[in-house]
Amino acid sequence: MKILSRYILKEHIAPFFFALATITFLLLIDFVPKIIDLVIDKNISIMVVFELIGLNLAWMLALSVPMSVLVATLMAFGRMSSDFEITALKSSGVNVIELLKPVLFGGILVSVGMVLFNDKILPDLNKQARHLHGDISAMRPTLSSKSGVFISDIPGFLVMVDKIDHATSRVDGVSITDTKMPDKPRIIVADSGFLKMTDHGRNMQFDLYSGEIHSLDLKEPSNYRKVDFKNQVINVSDIGSELVRTESEYRTDREMGISEMREKVDVARQSIGPFRERITEQLDAKYSLLFNDTGDFFGADTLDKKTALTYVKSDAQVLKRHVEKNRQQVLSQIKQVNKYSIEIHKKYAIPLASLSFILFGAPLAIIVRRGGMGTAIAISILMFIVYWAFLIGGEDLADRGFLSPIVAMWSANILIGAAGIYLLYLAITEKPFLGFLRN
C-alpha cells in the first residue's frame, strides 16, 4: 500500500503544478492591464512592476491552489481510470476509499499549509501591495513623457506642452495655468523653451521664450494684467515623479490575521450590549413621559390629553432621536461582527475546499473514465463557477445580515463535499450515474 500511495501521489504532482501555473497565469492576465496603465501613466521602473506583481501573486495563489487540486485530482484519477488501472486495483481487492486516502492526506497538508499562509503571510503581503499601489497612484506623471495632453493632477497647476523633443529637452507650445491662489490665477503661454527636472525629479523648470503672462484678480476683474516677455523661468514644484514609499499601521480586514480579526469581533460584540441597554432605558423614559406611576395618562388630573401631548411632544422627539442613534450603533456593530467573521471563516473555507474538491473530483473521474485535459478543465470550470457563485453570493448576503457568516462561507464546501460523497458511493457500488432517475 505504501508503494501504491506513493504512485497515486506522484500521479498528482505534475498535473497540480501545471494547473497551478495555468490558473495563476490566467489570474495574472486579468491583472496585467492595471499594471500597464500604471507603467504608462506613472513611468514606474521595471523593478517596481515586478514587485507589484509579486505582492499580488499572494492572493492569486490563495485562490489557485484549491482549484489546482481539483484539476490534478480529475486528471490523475481520470488517466488511471481510462487506462483501467482503477479496474485492475479493484479486482485485486483494493477499495476506492483506500485509493483516496493518500490524496486526502496530501489535501490535508495542502489545506493546513494554505490556512497558515492565509493567516500569517497573506495579510502582510496584501498590506504591502495596497501601500505600493497607493504610492504609485500618488505619483505625478512626468511631463517629459507627455505631449499634447493636459496634466491636471499637479496641485495648483494645469500644464500642457504641444511638442517635446526628448533628445534636446526643447518644448514648443507651452501653456501653464497657475491656480495656487484660486482668486488670482495666472496663465503663462510661450512659443518655445527648454525643460529640465530638478531636485531629483520633484520639480520642473521651464526656461521659456517669446511668451505672455496673463494675471487676473477674480475679486476685482478690472485688475487684469498682461505681461509680454522674451525670456522667463517658471518653476513647477511638487510634481512627485519619484516613487515615495509610505507606511501606515492601518489594516483592512483582508490585511489582518485571524487573531486580530477575532479581537475586532469581540470588541464589536461587547459594544452591542450597552447600546441595547441604552435603547431600553430610553424607551422606558419615553413611556414615563406619557404615563404616570399608576398607569394613567400623564396629566390626567390637571391637564387634558391634548395639552399633555403637546407638553411631552418635544421631549419625546429628542428621545426618539437618541433611540434611533443607538439603534444605528447596534446595527453598525453587528455589521462589524459579520464583516470580520466572514473573513475569518474565509481563511479556513477556501483552503479546505481542496478536500471537498478531492471528494468530488476523484470519484467523478473514476465514473467518467476520461483523463484528458479538456474534460478536467471543463468540469473544473463548472465547479469553480458554482463554488465562487456560492462564495460571493453568500458573502453579499452575510454582509446584509440575511445569512450567518458560517453558512455563507461553508455552504459551497458542504454542497460539493456532499455531492462528492454521493459520487464516491456510486464509484464503490458501481451504480450508474443519476441512476435514481431511472427508477
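In this text the structure is predicted, and so the values were computed from the model without any measurement. (Residues numbered from 1 in each chain as written. Predicted model: local features only at pLDDT ≥ 70, side-chain atom pairs only at ≥ 80, totals over all residues. Heavy atoms only, no water.)

A. Expanded view of the overall build of the chain. Scanning the chain for helices and strands turns up eight helices and six strands. Along the chain, helices (α) and strands (β) appear in the sequence α-α-α-α-β-β-β-β-β-β-α-α-α-α when read from the amino end. Each of the 439 residues in the chain was classed as buried or not, and the buried ones make up 41%. Surface summary for the chain: the accessible area is close to 24700 Å², and the carbon and sulfur share equals 61%. (Helix = DSSP H or I, 4+ residues; strand = E, 2+ residues; numbered from the N terminus. Buried < 20%, exposed > 50% of the residue type's maximum accessible area, 1.4 Å probe, protein only. Areas by Shrake-Rupley, 256 points an atom, 1.4 Å probe, with all protein chains shown as cover.)

B. Structural view of helix H8 (residues 405-429). Taking 1.5 Å of rise per residue, the 25 residues of H8 would be expected to cover 36 Å, and the 36 Å separating its terminal C-alpha atoms lies within 8% of that figure. Helix geometry: H8 is bent most strongly at Ser411, by close to 45 degrees. For H8, the set of buried residues is Pro405, Ala408, Met409, Ala412, Asn413, Ile416, Gly417, Gly420, Leu423, Leu424, Leu426 and Ala427. At the exit of H8 stands Glu430, carrying a positive phi of roughly 60 degrees. (Expected span 1.5 Å × (residues − 1). Bend = angle between axes of the 7 residues up to and from the residue.)

C. Layout of the pattern of salt bridges. Within this structure, the stated rule accounts for 16 salt bridges. Note that Asp119 and Lys120 form a salt bridge whose closest N and O atoms lie 3.5 Å from each other. Residue class for Asp119 comes out buried when judged on its relative accessible area of 15%. When salt bridges that share partners are traced, they join Glu11, Arg79, Asp83 and Glu85 into one network. (Salt bridge = Lys/Arg side-chain N within 4 Å of Asp/Glu carboxyl O.)

D. Here's a closer look at the side chain of Asn413. Within the secondary structure, Asn413 is located in helix H8. Owing to a relative accessible area of 5%, Asn413 belongs among the buried residues under this scheme. Other than its neighbours up to four places away in sequence, Asn413 contacts Ala349, Leu352, Ala353, Ser356 and Tyr387. (Contact = heavy atoms within 4.5 Å.)

E. Broad picture of the nonpolar core. If you look at the biggest cluster of nonpolar residues, it comprises 53 residues, and the most contacted ones within it are Ile8, Phe77, Leu99, Phe360, Phe384, Tyr387 and Trp388. Those elements giving two or more residues to this core turn out to be helix H1 (2-42), helix H2 (46-82), helix H3 (85-91), helix H4 (96-138), helix H6 (305-368), helix H7 (373-399) and H8. Looking at this core, the element that brings in the most residues is H2, giving 12 residues. Setting aside its immediate chain neighbours within four residues, Phe384 contacts Ile23, Met67, Leu70 and Val71. Core analysis: the second largest hydrophobic core is formed by 19 residues, Ile154, Ile176, Ile213 and Val236 among them. (Core = buried A, V, L, I, M, F, W, Y, C linked by side-chain atoms within 4.5 Å.)

F. Inspection of the confidence of the model for the chain at higher detail. Here the chain averages 82 in pLDDT, and 82% of its residues register 70 or above. Throughout residues 297-303 the model reports pLDDT below 50, and contacts reaching past four residues in sequence, or to other chains, amount to 14 contacts. (pLDDT = per-residue confidence, 0-100.)

G. Broad picture of unusual backbone geometry. Of note, Phe84 is a non-glycine position whose phi angle comes to about 60 degrees, a positive value. Its location among the elements puts Phe84 in the loop between H2 and H3. Residue classification places Phe84 among the exposed residues on the basis of a relative accessible area of 52%. Not every positive phi belongs to a glycine, and Ser210 is a case in point at roughly 55 degrees. Tracing the sequence through the fold places Ser210 in strand S5 (residues 203-215).

H. A look at the packing of aromatic side chains. On inspection of all chains with the given rule, the structure shows five aromatic pairs. Ring geometry for Phe16 against Phe17: centres 5.2 Å apart, planes inclined by 80 degrees, an arrangement best described as edge-to-face. The exposure class of Phe16 is buried, given its relative accessible area of 15%. For Phe17, a relative accessible area of 51% puts it in the exposed group. Taken together through their ring pairs, the aromatic side chains of Phe357, Phe384, Tyr387 and Trp388 make up a single cluster. (Phe/Tyr/Trp six-rings, centres within 6.5 Å; stacked < 30°, edge-to-face > 60°.)

I. A look at a nonpolar patch on the surface. There is a patch of nonpolar side chains on the surface, built from Phe25, Leu26 and Ile29 and spanning about 310 Å² of accessible area. Within the secondary structure layout, Leu26 lies in helix H1. In this structure Leu26 comes out as exposed when scored by relative accessible area, which is 55%. (Patch = residues over 30% accessible without salt bridge, like charges linked within 9 Å, V, L, I, M, F, W, Y side chains within 5 Å.)

J. Structural detail: the environment of Ser380. Note on placement: Ser380 falls in helix H7. It is 6.2 Å that separates the C-alpha atoms of Ser380 and Val71, two residues lying 309 residues apart in sequence. Sequence-distant contacts of Ser380, that is, excluding residues within four places in its chain, are made with Leu70, Val71 and Leu74.

K. Up close: the pairing of strand S4 (residues 186-198). Direction of pairing for strand S3 (residues 170-178) relative to S4: antiparallel, over a ladder of eight bridges. The residue bridging Thr177 from the neighbouring strand is Ile187, located in S4. Strand direction decides the pairing type here: S4 and S5, joined by 12 bridges, are antiparallel. Across the sheet, residue Lys196 finds its bridge partner in S5, namely Gln205. (Pairing = 2+ DSSP bridges.)

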